[in-house]
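Structural features, examined
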Amino acid sequence: TEAPVSNFIRAIIDGDLASGKRTSVVTRFPPEPNGYLHVGHAKSICLNFGIAQDYQGQCNLRMDDTNPEKEEDEYAAAIEADVRWLGFEWNGAVRHASDYFEQLYGYAEELISAGKAFVCELNAEQMREYRGDFSKPGKDSPYRTRSVEENLDLFRRMRAGEFADGSKTLRLKIDMASPNLNLRDPVIYRIKRETHIKTGDSWCIYPMYDYTHCISDALEGITHSLCTLEFEDHRPLYDWVLDNISLGHHPQQIEFSRLELLYTITSKRKLNQLVTEKLVSGWDDPRMPTITGMRRRGYSPEGIKLFSQRIGVSKGENIIDYSILEGSVRETLEEACPRVIAVLDPIKVTLTNFEAGVTASRSAPYHPHHAEWGEREVPIAPTIYVEREDFAEVPPAGWQRLTLGSEVRLRYSYVIKCDEVIKDAAGNVVELKCSIDPATLGQNPVGRKVKGVIHWISAEHAIEAEVRLYDRLFTEARPDAVRGDDGQYVDFKQFINPESFRTITAYVEPVVASAAPETRYQFERLGYFVTDRHDHVAGGKPVFNRTVTLKDAWAG
Ligand code: ATP
Ligand code: MG
Ligand code: MG
């Protein structure tokens, strides 16, 4: 991988270490286990874990599990697997915001005792009305002046389960006139009878995100709490809470912009819709921008890390074209994958003079730069398949592939000449009759120059493989930002690319059949392909996913 690129966050950390404000670096990645992680999370993972690595610090993995109705064990397990697959190791055990429920409760009593929090009985609608908006100050809740004793008693009874869901909240007493709406006496606890994935039914009150996050960070000794820009105006609340409780440590929240990747969606909630409405085969559909989807597609952790490095970290817009991700993946696969031959769309070629003293096989390296990977035999026989696109009846100017009467080199083998084109009744080309020049095995005889080289495979040696061809999931660059005539957002699911998935039967070299699932290859001249993580079985009919083509098909 490339050397770490500096960014404004690293500059802040450098300053803190130089001034002695901090002596070490502790970051955290805090996903909510309410879905699978996506490429946006990958950016945050690479940032948080990458900084910890580069500063010899630590990065914690913390499930932000304060929303019991949306969270599931399956998601938490998938998050751990995804972070590990990317190649990162978290500090100690996986942590959970719910690990701190008791401490969070204690600090809430502390705030009440200091006259800084009160139990409120306004309902959601009233609360909105009292809060006001940007144009006007809010009004104090009528419950704001309750005594400390009454607040403590009510809060304890909230915990004990004496009150109905939603009937009371605990709120901070900050400032109903603050221009920052987050400081207008925010709710920090609500009553909700919901079974929690970790704590079961032991709580019927749950702390809110803003209150939980800063305290969890502080309890873990986080030094730099990196989050996305939408939390910028929550920072005063983050700091207010930590300034008003007896917890000695105060992490610094730093915001950066979210990654938005064009031609896809970076929102767990929307990706969830694709899964539940069965518009994709699951969270790990190879078209999904989830980490597990990218993995199944054949993207490598190195490719995703390179991408994260390239897109940078700033407070400016981070709208990135899909081709940047594909390019990063392609680049990291180039030196990492053995190369084999596959013909995806075959046309039969009969070598009419095959017997005339031809050598029937030749050894070819798996990679031009990796002699240590060895070689395999590439056999030739009287019938071979070539790619339909490599033949043109009416060739465009500059055509260097097959056409009637022209010569072309078979990769690793002979030069052949097309002598005859056979068509079916409908006029489709079904076969080419070609002749081998026996003097050209692996060389151009003096005075002859054949420029075109095509890939091919011996019909009797090739095996069939199922190949799944993927393309971008959406036809729109920003599928969730398209407005209709009425000015409303159009449902992003309308823009699913109907050509984003296609299965074909291809011919491949037999050697790939013994590959384990998740083995990546370059199919020469075609792209990078991976044996499917679930459906490919070593020794069975191979099942491949196309990871990425060799060239950017969407460029220009
Ligand atoms: P989503 O809307 O997709 O659920 P989220 O921000 O609510 O996103 P979390 O599970 O809370 O998801 O995210 C965990 C961490 O990943 C957070 O620190 C968040 O800032 C970061 N993150 C999430 N989406 C992106 C993104 N698109 N770009 C960069 N970081 C992101
Ligand atoms: Mg979140
Ligand atoms: Mg979310």
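Here, residues in each chain are numbered from 1, in the same order as that chain's written sequence. Chain labels run from A onward and ligand labels from 1 onward, assigned in the order the entries are written. The predicted nature of this model means local features are confined to residues of pLDDT at least 70 and side-chain atom pairs, given and counted, to a pLDDT of 80 or more, with totals for whole chains, interfaces and linings taken over all residues.

Side note on unusual backbone geometry
Of note, the phi angle at Tyr263 is positive, near 70°, even though the residue is not glycine. With respect to the helices and strands, the residue Tyr263 is situated in the loop between strand S10 (260-261) and helix H9 (268-276). Positive phi, normally seen in glycine, also occurs at Tyr412, with a value near 65°. By the criteria applied, helices consist of DSSP H or I runs no shorter than four residues and strands consist of E runs no shorter than two, each listed in order from the N terminus. Tracing the backbone through its elements, the reader meets Tyr412 in the loop between strand S18 (407-410) and strand S19 (415-423). Judged by C-beta crowding, with 19 C-beta atoms within 10 Å, Tyr412 ranks as partly exposed. A residue is called partly exposed when the number of other C-beta atoms within 10 Å of its own lies between 12 and 20, exposed at 12 or fewer, and buried at 20 or more, with C-beta atoms placed from the backbone.

A closer look at the nonpolar core
Here, a nonpolar core denotes buried Ala, Val, Leu, Ile, Met, Phe, Trp, Tyr and Cys residues that are linked to one another through C-beta atoms within 7 Å. Ala108, Ala342, Val343, Tyr385 and Val386 are the most contacted members of the largest nonpolar core, which totals 119 residues. A residue pair is marked as a contact if its C-beta atoms, positioned from the backbone, fall within 7 Å. Setting aside residues up to four positions removed in sequence, Ala108 forms contacts with Ala117, Phe155, Leu170, Ile188 and Tyr189.

Describing the domain arrangement of the protein chain
The domains assigned to the protein chain are domain 1 (8-260), domain 2 (268-334 + 465-549) and domain 3 (339-461). Here the bounds of each domain stem from an automatic or database domain assignment. Relative placement of domain 1 and domain 2: their C-alpha centres are 34 Å apart. Counting residues at the interface gives 24 residues for domain 1, matched by 24 residues for domain 2. Those elements that provide at least two residues to the side of domain 1 that touches domain 2 are helix H1 (8-19), helix H2 (39-54), helix H3 (73-85) and strand S9 (252-256).

Quick word on the environment of Ala477
Mapped onto the secondary structure, Ala477 falls in the loop between strand S23 (463-470) and strand S24 (501-508). Sequence spacing of Ala477 and Glu232 is 245 residues, and the spatial spacing of their C-alpha atoms is 27 Å.

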